[in-house]
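# A structural walkthrough
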Amino acid sequence: MTATDAPSLRALVEGATRVLADAGVGSPRHDATALAAYALGLPRVDLVLPPPVPDGFTEEFADLVDRRRRREPLQHIVGSTVFRYLTLRVEPGVFVPRPETEVVAQVAVDEAARLATEGRTPLVVDLCCGAGGIALSVDTEVPGARVVAVDASPEAVALTRHNSGASGSLTMRVELGDVTDPTLLADLDGTVDVVVSNPPYIPPDAVPVDPEVRDHDPDLALYGGGADGLAVPRAVLAAAARLLVPGGLLVMEHAEVQDAAAREAAEATGAFEAVESRPDLTGRPRMLVARRRATTRPDPGPGEPRPTAQPGVGHSQP
């Protein structure tokens with residue numbers, strides 16, 4: 001076959017799109033185009049005016065498409081993902097950041113920015129940080145903010161440190177630690193302005209359908225423990241109650257079916273007020289937002305009325 005007979009980049013991408021669609025990939029054209037750009041060593045490709053196909057490209061592209069056809073995550077194949085304004089390295093063994101978590105990050109960014117405009121230096125802690133997307137969003141979008149990121153996975157901590165070095169302000173503190181440890185970040189007790197978290201929360205009987213998640217994201221980052229999947233999120237609540245200043249903000253992602261249980265768990269601590277669920281970009285209730293009370297009140301006993309939470313000052317909006 002001569003160079004003039006070789007299929008064009010557009011034809012190759014169209015063929016790959018059909019292959020990926022037949023394999024059940026949710027965004028076949030996007031993924032085919034991203035794989036073509038990766039094989040060409042380009043940040044993106046324009047199929048209206050596509051570049052010429054170099055020698056060896058067809059074979060390399062076919063191999064990449066086959067990996068994606070077998071439902072290996074696109075982010076693992078190309079080694080990175082975009083989260084808000086950041087390009088993060090991702091690696092097998094560490095949870096891949098998802099677009100819906102960008103809304104959780106927005107609430108933390110807004111609160112930290114509000115405090116910064118008041119002349120304060122906000123202290124933000126990201127519990128269960130994974131690849132570091134939330135922590136680095138605050139770090140890069142709110143100049144002067146102090147950010148601490150924690151994860152129980154050594155691989156996640158190493159990856160967050162790499163991403164911080166590549167994209168951050170170089171002031172972020174990254175720690176290996178288990179959120180269920182009652183002494184975690186004890187040096188920060190009562191001093192944190194924002195605790196934000198995307199913890200593992202999937203119940204044990206709700207195995208993800210998508211192979212990219214089920215077969216490639218680590219169980220440590222997926223399953224929250226307990227029959228309802230909320231054992232780790234409850235540990236996040238306990239840590240936040242200990243770490244936050246009075247009036248400090250908690251933002252925590254959860255599954256859409258856990259909104260009522262997450263609110264109940266937050267209220268049961270007696271440490272939070274203005275407890276509410278907020279929607280993700282599709283309108284599903286996917287995050288808990290609450291304010292730290294000035295004092296922790298005892299949980300009402302059986303039959304006792306629970307005080308109505310009043311809205312906190314300076315609520316951020318996603």
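First, a word on scope: everything that follows refers to the structure included in this document.

### Overview of the sheet that holds strand β6 (residues 192–197)
- One open sheet accounts for 7 strands, arranged β5-β4-β3-β6-β7-β9-β8; its pairing is mixed. The open sheet is flanked by β5 (173–176) and β8 (272–279), the only strands paired with a single partner. Neighbour-to-neighbour, the strand axes of the sheet open up by a mean angle of 15°, direction not taken into account.
- Relative to β6, strand β3 (residues 123–127) runs parallel, the two sharing 4 bridges. In the strand pairing of β6, D126 is matched with V196.
- Its contacts with the sheet place helix α5 (residues 101–117) against β3, β6, β7 (244–253), β8 and β9 (285–292), and it is angled at close to 175° to β6.
- In the packing of helix α11 (residues 259–268) onto the sheet, contacts are made with β8 and β9, and the angle to β8 comes to roughly 165°.

### Details of unusual backbone geometry
- We note that R71 has phi near 75°; this positive angle belongs to a residue other than glycine.
- The residue R71 is located in the loop between α3 (57–69) and α4 (74–78) in this model.
- Overall, the relative accessible area of 14% leaves R71 in the buried class.
- The backbone of C128 shows a phi angle near 65°, a positive value even though the residue is not glycine.

### Some words on the pairing of strand β2 (residues 86–89)
- Along β2, the buried face is formed by L86 and L88; none of T87 and R89, which line the opposite face, is buried.
- Both strand β1 (residues 80–83) and β2 contribute to a ladder of 4 bridges, which runs antiparallel. Residue pairing for β2: S80 is matched across the bridge by R89.
- Hairpin connection, β1 to β2: the antiparallel pair is bridged by 2 residues, and R84 has positive phi, about 55°.

### Quick notes on the pattern of salt bridges
- Considering all chains together, one arrives at 27 salt bridges under this definition.
- Salt-bridge contacts for R69 lead to D66; the nearest nitrogen and oxygen are separated by 2.8 Å. Note that R69 and D66 are positioned in helix α3 at a spacing of 3 residues, about one turn of the helix.
- The exposure class of D66 is partly exposed, given its relative accessible area of 27%.
- Here R68 ties to E212 by a salt bridge, and the two come within 2.9 Å at their closest N and O atoms. Placement of R68 in helix α3 and of E212 in helix α8 (residues 211–214) is noted, with a sequence separation of 144 residues between them. For the pair R68 and E212, a shared accessibility class is recorded, and that class is buried.
- Beyond isolated ion pairs, a larger network of salt bridges with shared partners links E111, R114, E118, R120, D193 and R291.

Thresholds applied
- Residues numbered from 1 in each chain as written.
- Predicted model: local features only at pLDDT ≥ 70, side-chain atom pairs only at ≥ 80, totals over all residues.
- Heavy atoms only, no water.
- Pairing = 2+ DSSP bridges.
- Helix = DSSP H or I, 4+ residues; strand = E, 2+ residues; numbered from the N terminus.
- Axes fitted to C-alpha atoms, helices over the stretch in contact; angles between N-to-C directions.
- Contact = heavy atoms within 4.5 Å.
- Buried < 20%, exposed > 50% of the residue type's maximum accessible area, 1.4 Å probe, protein only.
- Salt bridge = Lys/Arg side-chain N within 4 Å of Asp/Glu carboxyl O.

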